[in-house]
Amino acid sequence: MVMILLVLGFAPASTAQDNEPIQDIAAKTKGIVDAAYDYVRLHSGDMPAVQHALQTNPDFFDRENGLYVFIHCYNIEKKEAVCCGQGSRPELVGKNMWNLRTPSGRLLFFEIARMIEKDGEGWIEYDWLNPYTKTLMSKYSYVRGITLQDGQKAWVGCGFWKNKNKDFQHDDKK
């Protein structure tokens, strides 16, 4: 399910831990992706440095709101979505996550790759393990396609947890 964030028409504020309005957490999520995208575009020739930056540069995460960057190099024909950067769980770097399914059985990485190929970027909703709470939660992620310096196709993404941000509205008609 691909979503477009409706900038106008959000429900009234509420719900990140500090009562941050939902439009602010969505904007912060997109801003983190945009900052990471710019960094990756310039530095993807040194992915260990990118990985270090994802974990240490506060432009690429917001621990209070559970925001972190993930980067996957993908190849639809080969059925690959290899984690090439992860701000919260660096042990995932190098793992092909293509066949990993959500609890409802969705091939999430295929869906993201298809969306990137079609639209270049967008919002997607799915259930995922929250690495901070170790519980399954619904998540909204913004992902943006990029070509790395070595020619690999990839996406840069970040998401927020729906259970903390119940008023997020989107449009499923894209």
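Remember, it's a predicted structure, so these values are computed and weren't measured experimentally.

### Concerning unusual backbone geometry
Step number 1: Positive phi outside glycine occurs at Lys-79, with the angle close to 55 degrees.
Step number 2: Along the chain, Lys-79 turns up in the loop between strand 3 (67-75) and strand 4 (80-86).

### Regarding the confidence of the model for the protein chain
Step number 1: Per-chain confidence: the protein chain averages 84 in pLDDT, with 82% of residues scoring 70 or above.
Step number 2: For the stretch residues 1-18, pLDDT sits under 50, and the model shows 62 contacts to residues farther than four places along the chain or on other chains.
Step number 3: For the stretch residues 165-174, pLDDT sits under 50, and the model shows 40 contacts to residues farther than four places along the chain or on other chains.

### Quick notes on the side chain of Asp-62
Step number 1: Tracing the chain through its elements places Asp-62 in strand 2 (residues 61-62).
Step number 2: In terms of polar contacts, Asp-62 uses its side chain to reach the backbone amide nitrogen of Glu-64, at 3.2 Å.
Step number 3: Apart from the residues lying within four places of it in its own chain, the contact partners of Asp-62 are Lys-28, Ile-32 and Leu-67.

### So, the pairing of strand 5 (residues 121-130)
Each regular strand shows side chains that alternate between the opposite faces of the sheet.
Step number 1: In terms of burial, strand 5 is a largely internal element, seven of the 10 residues being buried.
Step number 2: Pairing geometry for strand 5 and strand 6 (residues 135-147), over 10 bridges, is antiparallel. Looking at the pairing, Trp-123 lines up with Tyr-142 of strand 6.
Step number 3: Count of turn residues in the strand 5/strand 6 antiparallel hairpin: four residues, of which Lys-134 carries a positive phi of about 60 degrees.

What counts, and at which threshold
- Residues numbered from 1 in each chain as written.
- Predicted model: local features only at pLDDT ≥ 70, side-chain atom pairs only at ≥ 80, totals over all residues.
- Heavy atoms only, no water.
- Helix = DSSP H or I, 4+ residues; strand = E, 2+ residues; numbered from the N terminus.
- pLDDT = per-residue confidence, 0-100.
- Contact = heavy atoms within 4.5 Å.
- Polar contact = N/O pair within 3.5 Å; in protein donor to acceptor, adjacent residues only side chain to side chain.
- Buried < 20%, exposed > 50% of the residue type's maximum accessible area, 1.4 Å probe, protein only.
- Pairing = 2+ DSSP bridges.

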